[in-house]
Amino acid sequence: MPGESPRDLAAEARKLPKADRLLAAADRAGFVARLGHAPVMELVRSALERARERVTAGEACPPAEEIEETLLRRLGGEARGALRRVVNATGVVIHTNLGRAPLSDAAVAAMAAAAGYLNLEYDLAAGERGDRYGHAAPALCRLTGAEDALVVNNGAAAVLLALAALSEARPGGREEPAGAPAQASGEPGPPGPAALPEVIVSRGQLVEIGGGFRVPDVLRRSGCRLVEVGTTNRTYARDYEAAAGAATRILLSVHRSNFRLSGFVHDASLEELVELGRRRGLWVVEDLGSGALLPTAPFGLPAEPTVQERVRAGADLICFSGDKLLGGPQAGVLVGRREAVARARRHPLLRALRVDKVTLAGLAATLAHYERGEAAQRVPVWRAIAQPVEALGARAGRWRAALAADAPGAEVRDARSAVGGGTLPEVTLPTRVLALPSSDPDRLSARLRAGDPPVVGRIEEGRLLLDPRTVLPDEDEALVAAVRAALDHS
Ligand SMILES: *Cc1c(COP(=O)(O)O)cnc(C)c1O
């Protein structure tokens, strides 16, 4: 009890094992060799600290064996690494918390090969300096129909760079500070330091994507001023036109990728913005979010705009992510018109946003699947989306059979998977899952997450569901073993 005399506390505290004893135990178990001295000592100290807190709170000192056992368990977790492979049985195909797109075997092999030396910025034929950005651009142009392409670190970086680079001048190279009187539109710019280049965006598209990406914030960081037009639900091309003034440089269209507006809704089409942009000497940029290179409708999904369609509509720059529906590594892609991409390539921010060699290799290998016409079979995101419900049911049935002795009440049932990753909001795909019976599904779920490998499922109506759609083809055995181990302990 917390009210007891200090002498009893001191006596209990003296029973705590010495740090040296714990360190020796960790060393005998091989953890000092595997992890290094300092990380082991850190966990030894925190184990002692926690035991001391219990004593201070009035509990009896835990036995030394118990402290040692807990320490070894935590060291075991540490030795498995901070970043670990996880079996995604959630049914959410592009799961942001689980690393978004899983990569194809070819992409993984290309990334491993790129980890050493490579001709990243070296022209092998000429034996001289080459261009880092030249590697993925030809494939991106062939696949999307764009004149030029540029790859950066992620989708947010692509948007930031597009706005920063294009706000510096008008199309056609008319360099003029935004605040200077612009003869072109006949209106004088606002005076003084407030005269930042302006970007016009519909109020219905001032979205937050998640992970701190808010369109208005990114826009300000790019050195531009936001001009909002229209209303939350309805914006017309004439609203953009009325707002375009001397300082306007960019008409920005943002794809509402992670939520849906329905009912009395109108957006200006990209074609209308392109027509206005051409007429008034303004850039048109689209933040497309997910870079779908395959049409989604044949997979039973609502039509998501493809990159090709948006290029055809004539936007100067289209920005999208590499690790959403494209199914590659984390990257941001800019495709569009030659002059616009050239401005982005020349901008000093590019150096800060530049893409890593391993990423570039993985992206190129992913794009090659599309070029060979095999993306639906080889790119894991599309392969997961394309799974027919019968095949998913058969796989869940095989799991049930393998677990028959451990979980006799498990059953295969109909459920819904999601695409996720802030794409195709509220859209689900029919699936069949293995539903595990448990009196305490939260506890079973925690056991599965603590397993090796950790398995993440989802709980619905008091049952833990495992969705085969997102479990990679070679993970069945690991999944069954992990479920068996979790059930054994519950
Ligand atoms: C996902 C998304 C982004 C950000 O892309 P990241 O690759 O996550 O940086 C930006 N805009 C839209 C519309 C998105 O959906």
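Residues numbered from 1 in each chain as written. Predicted model: local features only at pLDDT ≥ 70, side-chain atom pairs only at ≥ 80, totals over all residues. Heavy atoms only, no water.

Moving on, we come to the site of the ligand. With respect to spatial proximity, the complete set of residues near the ligand consists of Arg-100, Asn-154, Gly-155, Ala-156, Ile-209, Phe-213, His-255, Ser-257, Asp-287, Gly-289, Ser-321 and Lys-324. Asp-287 places a polar side-chain atom, nitrogen or oxygen, 2.7 Å from a nitrogen atom of the ligand. The side chain of Lys-324 places a nitrogen or oxygen atom 2.7 Å from an oxygen atom of the ligand. Taken by itself the ligand offers 380 Å² of open surface, and the protein chains cover 93% of this. Contributing elements (two or more residues each) for the shell around the ligand: helix H8 (155-166) and strand E13 (283-290). For the shell around the ligand, the residue count by class is three nonpolar, six polar and three charged. (Near = heavy atom within 4 Å. Polar contact = N/O pair within 3.5 Å; in protein donor to acceptor, adjacent residues only side chain to side chain. Areas by Shrake-Rupley, 256 points an atom, 1.4 Å probe, with all protein chains shown as cover. Helix = DSSP H or I, 4+ residues; strand = E, 2+ residues; numbered from the N terminus. Nonpolar A, V, L, I, M, F, W, Y, C, P; charged D, E, K, R; others polar.)

The five strands lie next to each other as E2-E16-E17-E20-E19, forming an open sheet whose pairing is mixed. For this open sheet the edge positions go to strand E2 (92-94) and strand E19 (458-460), each flanked by a neighbour on one side alone. Strand after strand, the sheet turns through a mean of 45° between neighbouring axes, direction not considered. Direction of pairing for E2 relative to strand E16 (residues 411-420): parallel, over a ladder of two bridges. Following the sheet pairing, Val-92 is matched in E16 by Ala-418. Against the sheet, helix H18 (residues 389-402) touches E16, strand E17 (428-436) and strand E20 (463-466), its axis set at about 10° to E17. Contacts from helix H19 (residues 441-449) reach E17, E19 and E20 within the one sheet, and its direction differs from that of E20 by about 35°. (Pairing = 2+ DSSP bridges. Axes fitted to C-alpha atoms, helices over the stretch in contact; angles between N-to-C directions. Contact = heavy atoms within 4.5 Å.)

Backbone-to-backbone hydrogen bonds pair the strands of a sheet. The strands run either parallel or antiparallel. Spatial ordering of the open sheet is given by E5-E15-E14-E13-E12-E8-E11, a layout of seven strands whose pairing is mixed. What marks the edges here is a single partner per strand, and that holds for strand E5 (148-152) and strand E11 (225-229). Strand-to-strand, the axes of this sheet are offset by a mean angle of 25°, without reference to chain direction. The pairing of strand E12 (residues 248-254) with E13 spans five bridges and is parallel. Each residue of the ladder has a partner; that of Leu-252, found in E13, is Val-285.

We now examine the side chain of Asp-148. With respect to the helices and strands, the residue Asp-148 is situated in strand E5. A polar atom in the side chain of Asp-148 sits 3.1 Å from the side chain of Arg-345.

Turning next to the packing of aromatic side chains. Inspection of the entire model under this criterion finds one aromatic pair. Where Phe-299 meets Trp-382, the ring centres are 4.9 Å apart and the plane angle is 45°; that geometry is what we call tilted. Of this pair, Phe-299 sits in the loop between E13 and helix H12 (307-313) while Trp-382 is found in helix H17 (residues 380-386), placing the two residues 83 residues apart along the sequence. Of the two residues examined, Phe-299 and Trp-382, each falls in the buried class. Taking NZ or CZ as reference, Arg-234 lies 3.7 Å from the ring centre of Phe-264, over its face. Across the ring face of Tyr-236, the terminal group of Arg-238 is positioned such that the distance to the ring centre comes to 4.3 Å. (Phe/Tyr/Trp six-rings, centres within 6.5 Å; stacked < 30°, edge-to-face > 60°. Buried < 20%, exposed > 50% of the residue type's maximum accessible area, 1.4 Å probe, protein only. Lys NZ or Arg CZ within 6 Å of the ring centre and 35° of its normal.)

Turning to the nonpolar core, a few remarks are in order. Ranked by internal contacts, the top residues of the largest apolar core, which has 93 residues, are Leu-219, Leu-252, Leu-325, Leu-334, Val-335, Leu-367 and Ile-385. If you tally residues by element for this core, the top one is H8, at nine residues. Summarising the domain contributions, this core has at least three residues from each of domain 2 (87-100 + 382-488) and domain 3 (105-373). In terms of nonpolar packing, the next biggest core, distinct from the first, is built from 21 residues, Trp-399, Leu-479, Val-483 and Leu-487 among them. (Core = buried A, V, L, I, M, F, W, Y, C linked by side-chain atoms within 4.5 Å. Domains from an automatic or database assignment.)

For the rest of this paragraph, the subject is the pattern of salt bridges. Going through the model one piece at a time under the given rule, you end up with 33 salt bridges. With a shortest N-O distance of 2.7 Å, Asp-414 and Arg-432 are connected by a salt bridge. Pair noted here: Asp-414 is in strand E16 and Arg-432 is in strand E17, with a separation of 18 residues, a long-range link. A single network of salt bridges, built from pairs that share partners, joins Glu-121, Arg-129, Arg-132 and Arg-354. (Salt bridge = Lys/Arg side-chain N within 4 Å of Asp/Glu carboxyl O.)

It is worth spelling out unusual backbone geometry at this point. Geometrically, the link from Asp-452 to Pro-453 is a cis peptide bond, its omega value of 0° lying close to zero. Summarising the element assignment, Pro-453 is placed in the loop between H19 and strand E18 (455-456). Although it is not a glycine, Arg-100 adopts a positive phi angle of roughly 50°. Along the chain, Arg-100 turns up in the loop between E2 and helix H6 (105-114). Phi at Glu-461 takes a positive value of approximately 50°, unusual for a residue other than glycine. As for its position among the elements, Glu-461 is in the loop between E19 and E20. For Glu-461, a relative accessible area of 73% puts it in the exposed group.

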